Amino acid sequence: MQRLREYGRPGDCLYLRVQVRSAWLRSFASQGHEGRAVHQHTQYRKNPEAVSRLNPEQYRVTQQDGTERPFANAYWDNHEPGIYVDVVSGEPLFASVDKYDSNSGWPSFTKPIARTNVVEREDSGHGMIRTEARSLNGNSHLGHVFNDGPPEKGGLRYCINSASLRFIHLDDLANAGYGEYRTLFTSDTDTSTMTGKETM
C-alpha cells in the first residue's frame, strides 16, 4: 500500500498553529499505563484562509455537515501507523492504534486521542436521532458516534469522514510538529484514559 503522507505539499498547511509560550497545555486524555502524558503546547484555531483552501468535498463535509461516500474515500482502508488531525485546524483527533475495520466504508475509531477535542451533540436530521462528532477548535463536522463498536474497547464507534481528516504518518510526526504524539505508539501507552451502525 502506498504510504499516505499529507503534510508538506504546497497549499496543504490548512491550519493556524499558535505556539503557547507561557505554559504547557496538558491533555487529560493522554495518560498511558505509567501516567505518561502527551503535552499539547499548541493551540489550534479555525481561520478563514484555511477554510478557503478546502477542496469542494472537504468544504461540503466539514462546513455543511455533509457525508462522503462509503468505500470511496481516502482513509477507510488505511492501515498505516500515524495520527489523524482536523483538516481545518490541525488539532489531533484520532490515532491509528484506535482505528479498526467496521465494514462500514468509513474510517472508524474506538475513541479519540483526547475526548476533549471531539464535541458530541444531538443530530436530529434526516429523520433520525444520532450523535454528531465535531472538532472542538476547528468546529468541523467529523461524522457520528454509534454504540455498536467493539465491546472490549468500550462499545463506541466514531464513524468519521476522511474529508474532515489529514493523516500524518508515524515517521513524519516530528517533522510535522506532532512529535509528542509518538508516545501513543509505545507498548506501555494507550489512549484508554483519554478524556473528553452502517450509516453515518
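So, how was this worked out
- Residues numbered from 1 in each chain as written.
- Predicted model: local features only at pLDDT ≥ 70, side-chain atom pairs only at ≥ 80, totals over all residues.
- Heavy atoms only, no water.
- Helix = DSSP H or I, 4+ residues; strand = E, 2+ residues; numbered from the N terminus.
- Contact = heavy atoms within 4.5 Å.
- pLDDT = per-residue confidence, 0-100.
- Buried < 20%, exposed > 50% of the residue type's maximum accessible area, 1.4 Å probe, protein only.
- Pairing = 2+ DSSP bridges.
- Phe/Tyr/Trp six-rings, centres within 6.5 Å; stacked < 30°, edge-to-face > 60°.
- Core = buried A, V, L, I, M, F, W, Y, C linked by side-chain atoms within 4.5 Å.
- Salt bridge = Lys/Arg side-chain N within 4 Å of Asp/Glu carboxyl O.

*Asks:* Help me understand the side chain of S96 in this model?
*Replies:* Secondary-structure assignment places S96 in the loop between β6 (92-95) and β7 (99-100). Apart from residues no more than four positions distant in its own chain, S96 is found in contact with E80, P81, G82, Y84 and F185.

*Asks:* When you look at the confidence of the model for the protein chain in this model, what are you seeing that I'm missing?
*Replies:* Detailed reading of the predicted coordinates is not advisable wherever pLDDT falls low. Across the protein chain, the average pLDDT comes to 80, with 72% of residues at or above 70. pLDDT under 50 marks residues 192-199. Its contacts with residues more than four places away, or in other chains, come to 32 contacts.

*Asks:* Would you take a moment to explain the pairing of strand β10 (residues 130-135) for this structure?
*Replies:* If a strand is regular, its side chains alternate between the two faces of the sheet. Within β10, five of the six residues are buried, leaving the element largely enclosed by the surrounding structure. Here strand β9 (residues 118-123) pairs with β10 via six bridges, running antiparallel. Residue pairing across strands places R121 opposite E132, the latter belonging to β10. The turn linking β9 back onto β10 is made up of six residues, and H126 within it adopts a positive phi angle of 60 degrees. Here four bridges tie β10 to strand β11 (residues 141-146), and the two strands are oriented antiparallel to one another. Across the sheet, the residue bridging to R134 is H141, located in β11. Two successive antiparallel strands, β10 and β11, enclose a turn made up of five residues, where N139 displays a positive phi of approximately 55 degrees.

*Asks:* Can you walk me through the packing of aromatic side chains in this structure?
*Replies:* The description of two aromatic rings rests on the distance between their centres and on the angle between their planes. Inspection of the entire model under this criterion finds nine aromatic pairs. A centroid spacing of 6.4 Å and a plane angle of 5 degrees characterise the contact between Y44 and Y178, whose relative ring orientation is stacked. Pair noted here: Y44 is in strand β4 (residues 42-45) and Y178 is in the segment after β13 (165-169), with a separation of 134 residues, a long-range link. Here Y44 matches Y178 in class, with each residue buried. An aromatic cluster of at least three residues, connected via ring pairs, comprises Y75, Y84, F94, F109, Y158 and F167.

*Asks:* I tried to follow the pairing of β13 on my own but got confused; where do I start?
*Replies:* Most of β13 is tucked away: five of the five residues are buried. Across five bridges, strand β5 (residues 82-86) lies against β13 in antiparallel orientation. The residue bridging G82 from the neighbouring strand is H169, located in β13.

*Asks:* Before we go on, may I ask you to explain the nonpolar core in this structure?
*Replies:* The nonpolar side chains of a soluble globular protein tend to be buried, and buried together. In this structure, Y84, F94, F109, V118, Y158, I160 and L165 are the most contacted members of the largest nonpolar core, which totals 13 residues. Apart from residues lying up to four places away in sequence, L165 is in contact with Y75, Y84, V85, V87, L93, F94, F109 and I160. Within the second largest apolar cluster, 12 residues are counted, among which are I113, L170, A176 and Y178.

*Asks:* How do you make sense of the pattern of salt bridges when you look at a structure like this?
*Replies:* Between side chains of opposite charge, a pair can form when the charged atoms approach closely. Applying the stated rule across the entire model yields eight salt bridges. E57 is the partner of R60 in a salt bridge, and the nearest nitrogen-oxygen pair spans 3.1 Å. Residue R60 and its partner E57 are located together in helix α2 (residues 56-64), separated by three residues, close to a single helical turn. Classification of E57 as partly exposed rests on a relative accessible area of 32%. The partner of D123 in a salt bridge is R130, with the nearest N and O atoms 3.4 Å apart. Among the residues examined, D123 registers a relative accessible area of 17% and is labelled buried. One salt-bridge network, held together by shared partners, links D65, R121, E132 and R134.

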